[in-house]
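# Per-entry structural report
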Amino acid sequence: MSTSSNSSISRLRQIEEQLTERNMGELKEITGIAVVEGTEWTSPKKVSFKPKTVYARDIVLKVEACGVCGSDIHCAAGHWGPRNNPLVVGHEIIGRVIEVGSGCKEGLKVGDRVGVGAQALSCLECSRCESENEQYCSNMTGTYNFPYPDGYISQGGYASHVIVHEHFAIPIPDNIPSHLAAPLMCGGITAFSPLLRSNVGPGTSVGVVGIGGIGHMAVIFAKALGANVTAISRRSNKKDDALKLGADVYIAAVEDKDWHKTYANTLDLIVVCSSSLTELDFDRIPSLLKVGGKVLSIAIPEASERLVLRPLLLKGISIGTSVIGSPAEIKKLLDFVSKKNLKIWVEEVPISEAGVAEVFRRMNSGDVRYRFSLVDFDKEFGA
């Protein structure tokens, strides 16, 4: 039997289990700030919509904060293809549990503060799921704009409530405020996962390309793990910020014509956090790596639509990709941030039609240092 057939059977078994044990719940309507027209994506509107069915292992959250991720902008603007309208985006969600499904078994209870990232469901049965690689499951369901097995299109966290499988709701440590915890659920874990899987620690040297929403967190985390950190940007305008974040070396790759020679053979790992490599000669990046070094990209920059091997120069280095992180990795990140008392750079914006429009416009123009969190959900949606 093919892998595809196995996946389909696993999917059907999951649906059957959910349908036979479902608990319809008390929540009858959700209110959110949604994109309603493709051409008017920067003018979102307040809408109400029917919630998904609360199945046996689902929980219901009352949202209190939601980070604004670059993915929200790409999806809202239609950069990633067709979008289901109206659509509520947002997958950096912090909320309180107000209902627990009848089949939940992972210990969550009403009143717990939890976070939800970019993944709302997986099959939980395949080899990837069983090895704590749920984000790479072929039956992964995203937190918004994805179909669930029953056909419901997932809606995100710019809303009063969210319903999600308990496995993808992660308890938040008490000492991390909600507005700082929110961006960790997607942007933060996207930066942390490649560091964790590359065993970054004392004695390692890490380069971060792109000092933005995710890149600034990568600098903070790599430094806190004990690495020597090199921040790589196009120009020197972010140098002061990068050094405050913990970078040991700053490269302005457009202004310094010899950077690839000056810092050759100095890095064990380079994490590409930029969605744009305009003006940056990416072919020079491999020269920074030691033998056995790696380039890991958490994005697909427009300048990298094809892989050219020549810049790798047969120097014993590798290039790869990474996406979000598993629930187990998110728990490790939250524990790490809590114990180290790390503070990412976040600006709070009250959620409303005007507030979401503001963050959409400012994110689209790069006017943020370095993340937004939407807050004051009770004021907009009611207690």
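Residues numbered from 1 in each chain as written. Predicted model: local features only at pLDDT ≥ 70, side-chain atom pairs only at ≥ 80, totals over all residues. Heavy atoms only, no water.

An unreviewed UniProt entry lists the chain under the name alcohol dehydrogenase (NADP(+)), with Eremothecium cymbalariae as the source organism. According to UniProt, the comment filed for the chain under the heading Catalytic activity (unreviewed entry) is "a primary alcohol + NADP(+) = an aldehyde + NADPH + H(+)". Among the UniProt annotations of the chain, the heading Subunit (unreviewed entry) holds the following wording: "Homodimer." (UniProt positions renumbered as here; feature names shortened; annotations may be inferred.)

### Overview of the overall build of the chain
Scanning the chain from N- to C-terminus turns up 11 helices and 17 strands. Burial analysis of the chain (383 residues in total) assigns 57% to the buried set. Pairs at least 24 residues apart make up 73% of the contacts formed inside the chain by residues separated by at least 6 positions. If you sum the accessible surface of the chain, you get close to 16,700 Å²; carbon and sulfur atoms cover 50% of it. (Helix = DSSP H or I, 4+ residues; strand = E, 2+ residues; numbered from the N terminus. Buried < 20%, exposed > 50% of the residue type's maximum accessible area, 1.4 Å probe, protein only. Contact = heavy atoms within 4.5 Å. Areas by Shrake-Rupley, 256 points an atom, 1.4 Å probe, with all protein chains shown as cover.)

### Quick word on empty space enclosed by the protein
It is the rolling of a water-molecule-sized probe over the atoms that shows where space remains empty. Per the counting criterion, the structure on display carries five cavities of 30 Å³ or more. In this model, the largest cavity occupies a volume close to 110 Å³. Lining the largest cavity are 14 residues, and of these Lys52, Tyr148, Gln155, Val162 and Ile163 sit closest to its centre. With four residues, strand E8 (residues 161-165) is the single largest residue contributor to the lining of the largest cavity. (1 Å grid on protein atoms, 1.4 Å probe; cavity = no way out; pocket = protein on both sides within 12 Å on 5 of 7 lines; lining within 4 Å. Points joined across faces, edges and corners; volume = space filled by probe spheres on them.)

### Here we look at helix H2 (residues 70-77)
Of all eight residues making up H2, six are buried, and the element is well covered by its neighbours. Those residues of H2 that fall on the buried side of the exposure criterion are Ser71, Asp72, Ile73, Cys75, Ala76 and Ala77.

### Some details on the environment of glycine 201
With respect to the element layout, glycine 201 can be found in the loop between helix H5 (187-197) and strand E10 (205-209). In this structure, the C-alpha to C-alpha distance between glycine 201 and alanine 227, residues 26 residues apart in sequence, is 5.3 Å. Each residue touching glycine 201, except ones within four places of it in the same chain, is listed here: Leu225, Gly226 and Ala227.

### Some words on the nonpolar core
Counting 53 residues, the largest nonpolar core has Ile176, Leu184, Leu195, Val206, Val208 and Phe221 as the members making the most contacts within it. In terms of residue count, the dominant contributor to this core is helix H6 (residues 215-224) (seven residues). For this core, the two domains that each supply at least three residues are domain 1 (28-186 + 326-381) and domain 2 (188-321). With residues up to four places along the chain from it excluded, the contact list for leucine 195 reads Val200, Val206, Ala218, Phe221, Ala222, Leu225, Leu269 and Val271. (Core = buried A, V, L, I, M, F, W, Y, C linked by side-chain atoms within 4.5 Å. Domains from an automatic or database assignment.)

### With respect to the pairing of strand E13 (residues 267-272)
The buried fraction of E13 is high, at five of six residues. Across four bridges, the pairing between E10 and E13 is parallel. Residue valine 206 lies in a different strand from E13, and its bridge partner there is leucine 269. (Pairing = 2+ DSSP bridges.)

### Considering the pattern of salt bridges
A full pass over the atoms with the stated rule returns 17 salt bridges. The partner of lysine 109 in a salt bridge is aspartate 112, and the shortest N-O contact between them spans 3.2 Å. With a closest N to O distance of 3.1 Å, arginine 362 and aspartate 367 form a salt bridge. Its relative accessible area of 18% is what places arginine 362 among the buried residues. (Salt bridge = Lys/Arg side-chain N within 4 Å of Asp/Glu carboxyl O.)

### A word on the packing of aromatic side chains
On inspection of all chains with the given rule, the structure shows seven aromatic pairs. Arranged with centres 5.7 Å apart and planes meeting at 35°, the rings of tryptophan 345 and tyrosine 370 form a pair that is tilted. With tryptophan 345 in the loop between helix H9 (327-340) and strand E16 (346-350) and tyrosine 370 in the loop between helix H10 (353-364) and strand E17 (371-375), this residue pair connects regions lying 25 residues apart in the sequence. Residue class for tryptophan 345 comes out partly exposed when judged on its relative accessible area of 25%. Through a chain of ring-to-ring contacts, the aromatic side chains of Trp41, Tyr158 and Phe360 assemble into a single cluster. Sitting above the plane of the tyrosine 148 ring, lysine 52 keeps its charged end 4.8 Å from the centroid. (Phe/Tyr/Trp six-rings, centres within 6.5 Å; stacked < 30°, edge-to-face > 60°. Lys NZ or Arg CZ within 6 Å of the ring centre and 35° of its normal.)

### Re H6
Each turn of an α-helix holds 3.6 residues, which means side chains three or four residues apart point in the same direction. Of all 10 residues in H6, nine are buried, a share of seventy percent or more. All of the buried residues along H6 are Gly215, His216, Met217, Ala218, Val219, Ile220, Phe221, Ala222 and Ala224. Buried residues in H6 make contact with H5, E10, strand E11 (228-233), helix H7 (239-245), H9 and E17. Once H6 finishes, glycine 226 follows within two positions and takes phi at roughly 105°, a positive value.

### As for the side chain of arginine 57
Positionally, arginine 57 belongs in the loop between strand E2 (45-49) and strand E3 (58-68). A polar contact is formed between the side chain of arginine 57 and the side chain of glutamate 106, at a distance of 3.0 Å. Ignoring any residue separated from it by four or fewer positions in sequence, one finds arginine 57 in contact with Gly103, Cys104, Lys105, Glu106, Leu124, Val164, His165 and Glu166. (Polar contact = N/O pair within 3.5 Å; in protein donor to acceptor, adjacent residues only side chain to side chain.)

### Some thoughts on the sheet that holds strand E15 (residues 318-321)
The parallel open sheet is built from six strands, whose spatial order is E12-E11-E10-E13-E14-E15. Edge positions in the open sheet fall to strand E12 (249-252) and E15, since each of these has one partner strand only. Here the strands of the sheet are splayed against their neighbours by 20° on average, with no regard to which way each runs. Of the strand pairs in this sheet, E10 and E11 are connected by five bridges, and their pairing is parallel. Note on E11: the bridge partner recorded for serine 205 is asparagine 228. Against the sheet, H5 makes contact with E10, E13 and strand E14 (289-297), and its axis sits at roughly 155° relative to E13, the strand it touches most. Docked against the sheet, H6 engages E10 and E11, running at close to 170° with respect to E10. (Axes fitted to C-alpha atoms, helices over the stretch in contact; angles between N-to-C directions.)

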